[in-house]
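Structural overview
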Amino acid sequence: MGVVAGRTHGEPQAELQAASELLRALAAPVRLGIVRELAAGHRRVHELVDALGVSQPLVSQHLRVLRTARIVTARRRSREIEYSLTDEHIAHIVLDAIRHAGES
């Protein structure tokens, strides 16, 4: 078995399945945009709507997917909910993918 990034090619199936689900949860342009915005820090829904130029219901729908996948967390701040990434590794994955796509 070869080694890639410190791991053997014989990854346990559960880890591969979890990675697949993570990538599936990210596989939408609006969700990638949300993660890109959250990479710079926490945001409220209206800030994401303004930054992405899409409707509030659409942002909320995609945030729901990201929350279900445990990619983002939500915290109530008075009347609004503030979103942030649960793990900065997610930001690296998304930002690297965006950079890579821009190089093609």
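Scope of this entry: the structure provided in the associated data block. Here the structure is a predicted model, which means the values were calculated and not measured.

Let's shift gears to the pairing of strand β4 (residues 72-77). Two elements, β4 and strand β5 (residues 80-85), share six bridges in a ladder whose sense is antiparallel. By the bridge assignment for β5, R75 is matched with E82. Taken together, β4 and the strand that follows it, β5, pair antiparallel across an intervening segment of two residues, in which S78 is found at a positive phi of about 50°.

This part covers the pattern of salt bridges. Under the definition given, this model contains five salt bridges. E82 is paired through a salt bridge with R75; the nearest N and O atoms lie 3.2 Å apart. The residue R77 makes a salt bridge to E82 at a minimum N-O spacing of 3.4 Å. With relative accessibility at 36%, the residue R77 sits in the partly exposed group. Under the relative-accessibility criterion, E82 is labelled buried at 7%. One network of salt bridges, in which partners are shared, links R44, R75, R77, E80 and E82.

Calculation criteria
Residues numbered from 1 in each chain as written. Predicted model: local features only at pLDDT ≥ 70, side-chain atom pairs only at ≥ 80, totals over all residues. Heavy atoms only, no water. Pairing = 2+ DSSP bridges. Helix = DSSP H or I, 4+ residues; strand = E, 2+ residues; numbered from the N terminus. Salt bridge = Lys/Arg side-chain N within 4 Å of Asp/Glu carboxyl O. Buried < 20%, exposed > 50% of the residue type's maximum accessible area, 1.4 Å probe, protein only.

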